[in-house]
Amino acid sequence: MIEMTESEVLIVGAGPVGLTLAIDLAWRGIDVTLVEKRGRAVPPEQPKCNHVAARTMEIFRRLRVADKVRNAGLPADYPHDISYRTTFTGQELTRIQIPCRRDRFTTKDGPDCNWPTPEPPHRINQIFLEPILFDHAAAQPRIKITNRTSVDEVVVEDGSASAVLRDLDTGASRRLSCRYLIGCDGARSIVRKAIGAELSGDAVVQRVQSTFIRAPGLIDLQCHERAWGTGVINPRRAGMVYAIDGRERWLVHNYLRPDEPDFDSVDRDACIRTILGVGANFHYDIISREDWYGRRLIANKFRDRSVFIAGDAAHIWVPYAGYGMNAGIVDAMNLSWLIAAHLNGWAPPTILDAYEAERWPITSQVSRFAMSHAESEIRRRGAIPDEIEDAGARGEVARAEVGRLTYQINVQQYACAGLNFGSYYDRSPIIVYDGAKHPAYTMSSYTPSTVPGCRTPHFWCEDGSSLYDAMGSEFTLLRFDRAVDVVPLEAAARIRGVPLKVLDIKRATPANLYETALLLSRPDQHVAWRGDRLPPDSLALVDRVRGATA
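Residues numbered from 1 in each chain as written. Predicted model: local features only at pLDDT ≥ 70, side-chain atom pairs only at ≥ 80, totals over all residues. Heavy atoms only, no water.

**Student:** Is there a simple way to think about the sheet that holds strand β21 (residues 518–521) in this case?
**Tutor:** Picture the strands of a sheet paired through backbone hydrogen bonds; they go either parallel or antiparallel. Taken in spatial order, the 4 strands of this open sheet run β20-β19-β21-β22, and their pairing is mixed. Of all strands in the sheet, those bounded by a partner on one side alone are β20 (500–504) and β22 (527–531). Strand-to-strand twist across the sheet, computed as the mean angle between neighbouring axes with direction ignored, equals 15°. Looking at chain direction, strand β19 (residues 475–479) and β20 are connected through 5 bridges and run parallel. Counted as the bridge partner of L478 is L503 from β20. (Pairing = 2+ DSSP bridges. Helix = DSSP H or I, 4+ residues; strand = E, 2+ residues; numbered from the N terminus. Axes fitted to C-alpha atoms, helices over the stretch in contact; angles between N-to-C directions.)

**Student:** How should I be thinking about the packing of helix α1 (residues 16–27) against helix α7 (residues 324–343) in this particular structure?
**Tutor:** For any two helices packed against each other, the geometry is given by the interaxial angle and the distance between the axes. One way to put it is that α1 packs onto α7 with a least axis distance of 9 Å and a crossing angle of 25°. As far as their axial angle goes, α7 and α1 are roughly parallel. Pair α1 / α7 crosses with right-handed handedness. Taken together, the residues of α7 that come into contact with α1 (itself represented by P16, V17, T20, L21, D24 and L25) are M325, G328, I329, A332, M333, S336, I339 and A340. In the contact of α1 with α7, the residues fall into 10 nonpolar, 3 polar and 1 charged. (Parallel < 35°, antiparallel > 145°, perpendicular 65-115°, else oblique. Left-handed = near helix turned anticlockwise from the far one by under 90°. Contact = heavy atoms within 4.5 Å. Nonpolar A, V, L, I, M, F, W, Y, C, P; charged D, E, K, R; others polar.)

**Student:** Would you mind going over the environment of T170 with me for this structure?
**Tutor:** Locating T170 in the fold gives a position in the loop between β9 (161–167) and β10 (173–183). Along the chain, T170 and T211 lie 41 residues apart, while their C-alpha atoms are 33 Å from each other.

**Student:** Help me understand α7, please; the structure alone is not making it clear to me.
**Tutor:** Within an α-helix, residues lying three or four positions from one another point in the same direction, as the helix has 3.6 residues per turn. For α7, spanning 20 residues, the distance from its first C-alpha to its last is 29 Å, which sits close to the expected 28 Å at 1.5 Å a residue. For α7, the tally of buried residues reaches 18 of 20 residues, placing the bulk of the element in the interior. Following α7 by one or two positions, G345 has its phi on the positive side, about 95°. (Expected span 1.5 Å × (residues − 1). Buried < 20%, exposed > 50% of the residue type's maximum accessible area, 1.4 Å probe, protein only.)

**Student:** When you look at helix α12 (residues 487–496) in this model, what are you seeing that I'm missing?
**Tutor:** For α12, the complete set of buried residues consists of L489, A492 and A493. An end-on view of α12 places all buried positions within 100° of arc, on one side of the element. Turned more than 90 degrees away from the buried face of α12 sit R494 and I495, all of them exposed. Buried residues along α12 sit in contact with β19, β20 and α13 (538–545). Just downstream of α12 lies G497, where phi reads positive at about 75°. (Arc of directions from axis to C-beta.)

**Student:** Would you mind showing me how to read the packing of aromatic side chains here?
**Tutor:** For any pair of aromatic rings, the description consists of the separation of the ring centres together with the inter-plane angle of the planes. Under the criterion given, the structure shown has 13 aromatic pairs. Their ring planes at 55° and their centres at 6.1 Å tell us that Y180 and F308 sit as a pair that is tilted. Of the two residues, Y180 sits in strand β10 while F308 sits in strand β17 (residues 307–309), which places them 128 residues apart along the sequence. An identical accessibility class is assigned to Y180 and F308; each is buried. For the ring pair F459 and Y514, a centre distance of 5.6 Å and an interplane angle of 85° mean the geometry is edge-to-face. With a gap of 55 residues between them, F459 in the loop between α10 (417–421) and α11 (467–470) and Y514 in the loop between β20 and β21 connect regions that are remote in the sequence. The class for F459 is buried, based on a relative accessible area of 6%. In textbook terms, an aromatic cluster arises when at least three aromatic residues are bridged by ring pairs, as seen for Y180, F302, F308 and Y355. Stacked on the ring of W228, the Lys or Arg R123 has its end atom at 4.7 Å from the ring centre. (Phe/Tyr/Trp six-rings, centres within 6.5 Å; stacked < 30°, edge-to-face > 60°. Lys NZ or Arg CZ within 6 Å of the ring centre and 35° of its normal.)

**Student:** So what exactly am I meant to see when it comes to the pairing of β22 here?
**Tutor:** Consecutive side chains of a regular strand alternate in pointing toward one face of the sheet and then the other. β22 sits mainly inside the fold: 5 of its 5 residues count as buried. Pairing of β21 with β22, which is carried by 4 bridges, proceeds in the antiparallel orientation. Along β22, the bridge assignment pairs L518 with G531. Linking two consecutive strands that pair antiparallel, namely β21 and β22, is a turn of 5 residues; a positive phi of about 65° is found at Q525 within it.

**Student:** Would you take a moment to explain the pattern of salt bridges for this structure?
**Tutor:** Between side chains of opposite charge, pairing is possible as soon as their charged atoms come close. Within the structure shown, the criterion is met by 45 salt bridges. The residue R102 makes a salt bridge to D103 at a minimum N-O spacing of 3.0 Å. On the basis of relative accessible area, D103 is assigned to the partly exposed category, the value being 22%. Note that R482 and D504 form a salt bridge whose closest N and O atoms lie 3.4 Å from each other. Of the two residues, R482 is situated in the loop between β19 and α12 and D504 in strand β20; the sequence distance between them amounts to 22 residues. The class of D504 is partly exposed, set by a relative accessible area of 26%. When salt bridges with common partners are traced through the structure, they connect D24, R28, R62 and E474 into a single cluster. (Salt bridge = Lys/Arg side-chain N within 4 Å of Asp/Glu carboxyl O.)

**Student:** Would you mind showing me how to read the nonpolar core here?
**Tutor:** When a protein is soluble and globular, its nonpolar side chains tend to lie buried together. Residues I11, L25, F60, L181, I182 and I309 are the most contacted members of the largest nonpolar core, which totals 92 residues. Element by element, the count of residues in this core is highest for α7, at 10 residues. Not counting the four nearest positions on each side in its chain, L181 is found in contact with L10, V12, V154, A161, S162, A163, V191, S306, V307 and F308. In this structure, F88, A238, Y284 and A417 belong to the second largest nonpolar core, which totals 46 residues. (Core = buried A, V, L, I, M, F, W, Y, C linked by side-chain atoms within 4.5 Å.)

**Student:** Sorry if this is basic, but what is going on with the side chain of N334 here?
**Tutor:** Along the polypeptide, N334 turns up in helix α7. Those residues in contact with N334 that sit more than four places away from it in its chain are Y355, E358, R359, Y425, R522 and D524.

Set out below in structure tokens:
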């Protein structure tokens, strides 16, 4: 017998994207039910994302979980560098220097240091990140987490949705109805199938054989300083080794060559030993293994009426720049404030049209950048000189040249300021554009801009605090000239019930960043409008940014 229950929002999938979405919705006053197949706090079987982007850390800061995340993962003094070597235990070709978490806020000479953010990136594997987010979500009274439960059916309706939930331990089923349903349920998403969305793009960019191993003796066999990630470059194999706990657990990626027909044709153990540079008597234990394809696939739509998809359910990235999970979390934050705005009564349902209008184009664009860089790295792997491991002068020359090219290609993915901060929305129905051009987007570099649609540029206030900490949880009007009258906008916001905070800033502080006396920043810290004075009709401006005008 199926029992009927209800929820404001149902989220399918309690990975990092679903958990962050639930936490943000609850923070905005929305009741959430979160459904997950795995047991309570059971980590993913295979370690996935190893990197939390700066933009994601900014989100975690707002949700009061950044400190817990930053204090977890590798030991405090373990370098977050990326080293490229002939083998894991062999000669170093080049090194991308990223500070350890102990030195993250004091070191200033790394390629991702001095970024315009209160929260630099952090290297931590998902097996450590996810329990932190889970515990934080479980402590929120507005979040109900249902583990060991599968979603067997999703029904999409005009004003609501429902799902059949099955208890994996008892087999009992019940139907849960909700106002909105969001699929954060990964690449095989049942929610994506329910809304009739189809993936398209590049089905196979690379093939990777991944092995999660325990090898306590490996760390001391290195000839060079430790590194979070170690790329292996030699004529026999190409691979990547990630330090998971900084002691004994490692994730080894073995990149298949074009002439290897399938995963079964590759000797996993022999490849691991070649990548590590160890002999047949070196002992390691396999914790788990996975064979997978690097893809660039995007769903042709992210929504059907009351049902949405986010994260891997909506787009599958080439695993380059560590941005798959991070892109999903940005999806979630974009969708969260839109849903909350409507459910909290200050925006009509039409505001939700902005989700697909904003996220689909930028996801497509950025994923193409990531694929282009991945293809450059794949080409580099296929052109390794035979003498790279030689002891003589020819070997030194080969190592220097490969190291130079490898650094040039890969610093763009491991220190990608543009990917963190440079995304902008250029065709949104809830942004007031003024004809100015957005800065050219690149994955590696970032030009701060107040052009509507861009991320609101961060700066440190006169008292040393972060601008983002001073801003409100919903809309914030930054005013750089107290003589400019903003009373009409405040009144219009009150009439429509839109939460608005006016934040007065001394003009001298960000003079090189902010070109206008006023800037309206959205709840997701993107610019909604700017100007030197209010427009003639403040009510029309408020209606535009809350999705009440076509």
